[in-house]
Amino acid sequence: MPVHSKISFDYLTHLKDAGEMGYLIYSTNWSNSSLGSTETWPQNLLTALDIILNSKFPMFLWWGPELIQFYNDAYKPTLEKLNKHPEALGTRAQDCWLEIWPAIKTRIGMMMAGDTMLWHEDQLIQKQTNGHPENSHWVFNCSQLYNIEGKVGGLLVTFYESNSQIKSEHQLYDTLRQLSEREARFRSLLADAPVAIAVFRGRDLIIETANEKMLEVWGKHATIIGKPLKLAIPELEAQGFLQIMDEVYMNGTPYYGNEMKVFLKHNNKTEEVYSNYVYQPLKDTNGKTVRIMLVANLITEQVKARLRAEKSEKRFRALINALPQMAMTNTIKGKMTYFNNRWYDYTGLNPTETYGSKWLKVIHPDDVHETLRKYNLIRSGHEGGEFENRYRNTEGIYRWHLNRMQPILEDGMVGLWIVTATDIQELKQLQQQKEDFVSIAGHELKTPITSLSAFMQLISRLHEQPQTESLPILIEKASRSLDKITILVDDLLNASKLNQGELYIKKTWFTISKLIGDCCNHLKIEGTYSIKTTGDLDLKVYADADRIDQVIINFVNNARNYAPESKEIIVDIQKIKKRAKVSVIDKGPGIPKDQIPHLFNRYYRGDKSRSHYSGLGLGLYISAEIIKRHDGEIGAESELGIGSVFWFTLPIK
């Protein structure tokens, strides 16, 4: 727009006194608008503003190619009721009147191009009264304003409310039209609604209307419209829905149902349907309920999917809880989500004490770092893995566990991890015992074998001198080394037979005292120790003599090895009710009480400092197994400084 020189009469100063809108136009900064600074405004624009601002009729002006809007005080209340004042001042017409612009855009464009002015009498226009829209009839005139180039520079609009007699006719027609439009909109809404809708009339619940969605839910045709609900869909009555609707009708209070289950007959087949719905009472002008509207959102598939998931989850948790091991699940991000009952029973923790990372507090402090390292390493991949650590039980004892992690795949991706923790404390101890046993066996076998080899070398050198005094001594020592090797090998073989279930028992009748005399000859030959048999020397038992011989020899050798200062070993035989009890008694240093419960365990060896001989820790274990297979009992008693008693019993048949 061209720049015009400022005339001597200051129009803007003059216009600021033309009411509230004049002052608002004067005080507004127009520099950033398409009109530019007020100093550049053309005279015909200023003249037009002078006319409308001083008019008592509602008037407004659209100026320039963008139709920048001005209006006077008489028109301000209309814009206030439309919540458009004061933002309407200086805005583009199309931005201010978005709701009607598509209807008037073409006509306005024609007038800006020079077409004739626009005149309407009894024009129907909606206005706001107390915040509510109201139709009224107006006399409307729109004329062009030209700029100095002779082109249309803007549009001047004048209008006032008409009092013509046709106003009431228009209002009646408009009322009827609106009612018709509302009815049409309601039916269109009903038909196109994504939810099921139906309306019931009166307390008899006559089906007045129902959209296709509702008919589909019911499994019925439109022929049921006009019938009472209890006749159209009789299966609803037994399920309590008609009673609920009657209460809504009588009380006038809406009823909301969430994930409600209803059984409906579709083609003579009963189907389970779930929905969220509302029974909404519709009232007349007196507040009396005359209809009920049902709006239902069908969610059958969603609910059934959730129920299947819950059932699957329930089965999964039941399976996890059935495991004898501790088990837990965690997400791909490492968050623990579930612990089975075995976990809580073992650790003594409750869910609150386990939440988050609190479960780590039951892991041995020395194992936490390595546990997390291996746990995160396995979780970063797509395959399972395992690691060991120690968990604290309710008694405060840490026990070794083997943790196995397995991924649960969902659509080929890891969706969940399952961790099981199996108690391997006994296995760990057995593994350690085996390692110790290998070391012990190697040492125990090496010593007599080395001695036997040395004695045999010396005997070989002296074979040409059979009368030498050293030869019998060397032979005796070599024989002792060979006996030790034989005992060790026998222990190993017997232990192996026990493990394989091949240690057979062959019973015969024999006298216990005679067996004792025969099996202890090796001590008599040595001459260092004496065996004294006491008690019932004629008592006979029905047992495997060879196996009982092993037990007695083991007890006697044990007394000799661990009580070397006790030169007399007593073997006592007693008949107690229907059992024979054999006790081997020594006068040695005794055994500490804390060791007695472990004496018959596999690989257990007593205090080596008390003896020059240790063995493999299998003798007493094998003896205990032999006595058990005879349905007998075995045990030991001891008092430090006084001596020990090893005993066993056999049933007398």
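Located above this text is the structure these notes cover.
None of the values given here were measured: they were computed from a predicted structure.

Chemist: How would you explain the overall build of the protein if you had to name every residue and give the values?
Modeler: In terms of helices and strands, the protein carries 20 helices and 22 strands. Across the 653 residues that make up the protein, the buried fraction comes to 40%. Relative to all contacts within the protein whose residues are 6 or more apart in sequence, the contacts with residues 24 or more apart total 54%. For the protein, the computed accessible surface area is about 37500 Å², with 53% contributed by carbon and sulfur atoms.

Chemist: Quick rundown of the environment of Ile104? Include the residues and the values.
Modeler: Mapped onto the secondary structure, Ile104 falls in helix H6 (residues 101–112). The class of Ile104 is partly exposed, set by a relative accessible area of 23%. In this structure the C-alpha to C-alpha distance between Ile104 and Gln94, which are ten residues apart in sequence, comes to 9.6 Å.

Chemist: Give me the lowdown on unusual backbone geometry, citing residues and values where you can.
Modeler: Note the cis peptide between His85 and Pro86, where omega equals 5 degrees. For Glu259, which is not a glycine, the phi torsion comes out positive at approximately 50 degrees. The residue Glu259 is located in strand S8 (residues 255–266) in this model. Among the residues examined, Glu259 registers a relative accessible area of 33% and is labelled partly exposed. The phi torsion at Lys577 lies on the positive side, around 55 degrees, for a residue other than glycine.

Chemist: A description of the packing of helix H17 (residues 512–519) against helix H19 (residues 545–562) should follow, citing residues and the corresponding values.
Modeler: Two elements in contact, H17 and H19, have axes separated by 10 Å at closest approach and are oriented at 60 degrees. The pairing of H17 with H19 is recorded here as oblique in orientation. Crossing of H17 against H19: the hand is right-handed. Within the contact between the two elements, H17 uses Leu515, Ile516 and Cys519 and H19 uses Ala545, Ile548, Asp549, Ile552 and Ile553.

Chemist: Residue-level account of the sheet that holds S8, with values.
Modeler: Across the sheet, five strands lie side by side as S7-S6-S10-S9-S8; this open sheet has antiparallel pairing. Since the sheet does not close on itself, it has two edges, and those belong to strand S7 (206–210) and S8, each with one partner. Strand-to-strand twist across the sheet, computed as the mean angle between neighbouring axes with direction ignored, equals 35 degrees. Across the sheet, helix H10 (residues 241–251) touches strand S6 (196–201), S8, strand S9 (269–283) and strand S10 (289–298), and the angle it forms with S10 is around 135 degrees.

Chemist: For the nonpolar core, give the residues involved together with the corresponding values.
Modeler: The biggest cluster of nonpolar side chains holds 40 residues, and the ones touching the most others in it are Trp41, Leu49, Leu61 and Phe70. Top element by residues in this core is helix H3 (residues 43–53). It accounts for six residues. Counting 36 residues, the second largest nonpolar core, distinct from the first, contains Ala543, Val556, Ile569 and Phe600.

Chemist: Residues and numbers for the packing of aromatic side chains, please.
Modeler: Taken as a whole and assessed by the stated rule, the structure comprises 19 aromatic pairs. Residues Tyr71 and Tyr75 carry aromatic rings whose centres are separated by 6.3 Å and whose planes lie at 75 degrees to one another, so their mutual orientation is edge-to-face. Across the pair, Tyr75 and Tyr71 agree in class, each one buried. On the numbers, 4.9 Å between centres and 55 degrees between planes, the contact of Tyr277 with Tyr279 is tilted. Residues Tyr277 and Tyr279 agree in their burial class; the two are buried.

Chemist: I'd like a description of the sheet that holds strand S17 (residues 530–535), backed by residues and values.
Modeler: Read across the sheet, five strands follow the order S17-S19-S20-S22-S21 without closing on themselves; strand pairing throughout is mixed. Of all strands in the sheet, those with a lone pairing partner are S17 and strand S21 (633–639), marking the two edges. Averaged over all adjacent pairs, the angle separating strand axes in this sheet is 20 degrees, with direction ignored. Together, S17, strand S19 (568–576), strand S20 (579–586), S21 and strand S22 (643–651) form the strand contacts of H19, whose direction differs from that of S22 by roughly 175 degrees.

Scoring rules and cut-offs
Residues numbered from 1 in each chain as written. Predicted model: local features only at pLDDT ≥ 70, side-chain atom pairs only at ≥ 80, totals over all residues. Heavy atoms only, no water. Helix = DSSP H or I, 4+ residues; strand = E, 2+ residues; numbered from the N terminus. Buried < 20%, exposed > 50% of the residue type's maximum accessible area, 1.4 Å probe, protein only. Contact = heavy atoms within 4.5 Å. Areas by Shrake-Rupley, 256 points an atom, 1.4 Å probe, with all protein chains shown as cover. Axes fitted to C-alpha atoms, helices over the stretch in contact; angles between N-to-C directions. Parallel < 35°, antiparallel > 145°, perpendicular 65-115°, else oblique. Left-handed = near helix turned anticlockwise from the far one by under 90°. Pairing = 2+ DSSP bridges. Core = buried A, V, L, I, M, F, W, Y, C linked by side-chain atoms within 4.5 Å. Phe/Tyr/Trp six-rings, centres within 6.5 Å; stacked < 30°, edge-to-face > 60°.

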